[in-house]
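Here's the letter readout for the chains.
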Amino acid sequence: MKKIAVMGSGNGSNFEAIVNYLKDVEITCLSDNVNAYILERAKRLDVPFRYLPFEENASYFASHNFDLIVLAGYMQILPDEVLTLGKFINIHPSLLPAFKGKDAIQRAFLAGVKVSGVTVHWVTGDVDGGKIIAQYPVLIGNTTHIDEFEAEIHKIEHLLYPVVIDKILKDEVFDFQDLIGGCGGCGKCH
Ligand code: GRF
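Residues numbered from 1 in each chain as written. Predicted model: local features only at pLDDT ≥ 70, side-chain atom pairs only at ≥ 80, totals over all residues. Heavy atoms only, no water.

1. Looking at the side chain of Asn90
Moving on, step 1. Its place among the elements puts Asn90 in strand S5 (residues 88-92).
Moving on, step 2. Since its relative accessible area comes to 9%, Asn90 is described here as buried.
Moving on, step 3. A polar contact of 3.5 Å, which involves the side chain of Asn90, links it to the side chain of Asp128.
Moving on, step 4. Those residues in contact with Asn90, other than ones at most four positions away along the chain, are Leu71, Thr119, Val120, His121, Val123, Asp128 and Tyr161. (Helix = DSSP H or I, 4+ residues; strand = E, 2+ residues; numbered from the N terminus. Buried < 20%, exposed > 50% of the residue type's maximum accessible area, 1.4 Å probe, protein only. Polar contact = N/O pair within 3.5 Å; in protein donor to acceptor, adjacent residues only side chain to side chain. Contact = heavy atoms within 4.5 Å.)

Here it is in structure tokens:
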């Protein structure tokens, strides 16, 4: 069975979507924040979890083997020393390379862009700068409210990330139309 770690510092909604989608994968939840809600979700979902202080990442990954390490709202920058110990991917709430860094949803909206979206990418030392694996667009209409836009981004994240992880673990080639049904991605049929 494939083994993945999901690392998050906060809410953990992507983690929950991943757990609900990936049925034949061994998942471990790791958080650098002892109070993070992601740990509560892991407890509720019966997924092994642990608090992993940032300074302990290198020794932890040197002694634990994962097929993939999935960052989902992990709020720290991992050094090369850690990144060389596994294959790390991240999800970011914009169409990279636009709007790297924090508050990408709000910054894209306030900039007035008409298309933003979600990106899954390899993690490198260059923050949100690794090679893009998958993207999915979200349109912003003239009457779209920021709350609607934000909700749509999160909905797409929850659809996109688990499918991309599954494809990577199975070593399958894909393009974005395969990812969430090949439709417009409204998610109503899922
Ligand atoms: C997501 O919007 C993700 O794109 C960003 O951090 C947020 C994490 O949300 N990197 P959650 O903790 O998965 O709910």
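2. Describing the site of the ligand
Moving on, step 1. Residues in close proximity to the ligand include Asn11, Gly12, Ser13, Asn14, Gly73, Ile91, His92, Pro93, His154 and Glu157, which together make up its full environment.
Moving on, step 2. Measuring from a nitrogen atom of the ligand, one finds a backbone N or O atom of Ile91 at 3.0 Å.
Moving on, step 3. Its free accessible area being 370 Å², the ligand has 83% of it covered by the protein chains.
Moving on, step 4. Of all the secondary structure elements, the ones that give two or more residues to the shell around the ligand are helix H1 (13-21), S5 and helix H6 (146-169).
Moving on, step 5. Within the shell around the ligand, the residues separate by chemical class into 2 nonpolar, 7 polar and 1 charged. (Near = heavy atom within 4 Å. Areas by Shrake-Rupley, 256 points an atom, 1.4 Å probe, with all protein chains shown as cover. Nonpolar A, V, L, I, M, F, W, Y, C, P; charged D, E, K, R; others polar.)

3. Points about H6
Moving on, step 1. Its 24 residues give H6 an end-to-end C-alpha distance of 34 Å, which sits within 8% of 34 Å, the value for a rise of 1.5 Å per residue.
Moving on, step 2. Looking at the residues trailing H6, positive phi occurs at Asp171, about 60°. (Expected span 1.5 Å × (residues − 1).)

4. Points about the pattern of salt bridges
It is possible for side chains bearing opposite charge to pair when their charged atoms get close.
Moving on, step 1. In the structure shown here, the tally under the stated rule is 7 salt bridges.
Moving on, step 2. Ionic pairing is found between Arg44 and Glu16, a salt bridge with its closest N-O pair at 3.0 Å. Of this pair, Arg44 sits in helix H2 (residues 37-45) while Glu16 sits in helix H1, and the two are 28 residues apart along the sequence.
Moving on, step 3. For Arg44, a relative accessible area of 49% puts it in the partly exposed group. (Salt bridge = Lys/Arg side-chain N within 4 Å of Asp/Glu carboxyl O.)

5. Focus: the sheet that holds strand S6 (residues 115-122)
Moving on, step 1. Strand order across the open sheet formed by 7 strands is S3-S2-S1-S4-S5-S6-S7, with mixed pairing between neighbours. The open sheet has two edge strands, strand S3 (49-51) and strand S7 (132-139), and neither has a second partner. When strand polarity is set aside, the average angle formed by the axes of neighbouring strands in this sheet is 20°.
Moving on, step 2. Where strand S2 (residues 25-31) meets S3, 3 bridges bridge the pair, whose relative direction is parallel. Directly across from Cys29, in S3, lies its bridge partner Phe49.
Moving on, step 3. Packed onto the sheet, H1 meets strand S1 (2-7), S2, strand S4 (68-71) and S5 and runs at close to 165° relative to S2. (Pairing = 2+ DSSP bridges. Axes fitted to C-alpha atoms, helices over the stretch in contact; angles between N-to-C directions.)

6. So, the nonpolar core
Soluble globular proteins tend to bury their nonpolar side chains together.
Moving on, step 1. Grouped together as the largest cluster of nonpolar side chains are 37 residues, with contacts concentrated most on Ile4, Ile27 and Ile165.
Moving on, step 2. Among the elements that make up this core, the one with the highest residue count is H6 (9 residues).
Moving on, step 3. Ranked by size, the runner-up nonpolar core spans 16 residues in total, among them Tyr60, Phe61, Phe66 and Val123. (Core = buried A, V, L, I, M, F, W, Y, C linked by side-chain atoms within 4.5 Å.)

7. Quick word on helix H5 (residues 104-111)
Moving on, step 1. Of all the residues in H5, the buried ones are Ala104, Ile105 and Ala108. The arc enclosing the buried residues of H5, seen along the axis, measures out at 105°, which places them on a common side. (Arc of directions from axis to C-beta.)

8. Here we look at the packing of aromatic side chains
Moving on, step 1. The tally for this structure, following the rule as stated, stands at 5 aromatic pairs.
Moving on, step 2. Measuring from ring centre to ring centre gives 6.1 Å for Phe61 and Phe66, while their planes differ by 70°; the resulting arrangement is edge-to-face.
Moving on, step 3. A residue is classified by how much of its surface remains accessible, and Phe61, at 2% relative accessible area, is buried.
Moving on, step 4. Their ring planes at 75° and their centres at 5.6 Å tell us that Phe61 and Phe88 sit as a pair that is edge-to-face. Taken as a pair, Phe61 in helix H3 (residues 57-63) and Phe88 in strand S5 lie far apart in primary sequence, 27 residues in all.
Moving on, step 5. According to the relative accessible area criterion, Phe88 is buried, its value standing at 2%.
Moving on, step 6. Chaining the aromatic ring pairs together yields one cluster made of Tyr60, Phe61, Phe66 and Phe88. (Phe/Tyr/Trp six-rings, centres within 6.5 Å; stacked < 30°, edge-to-face > 60°.)

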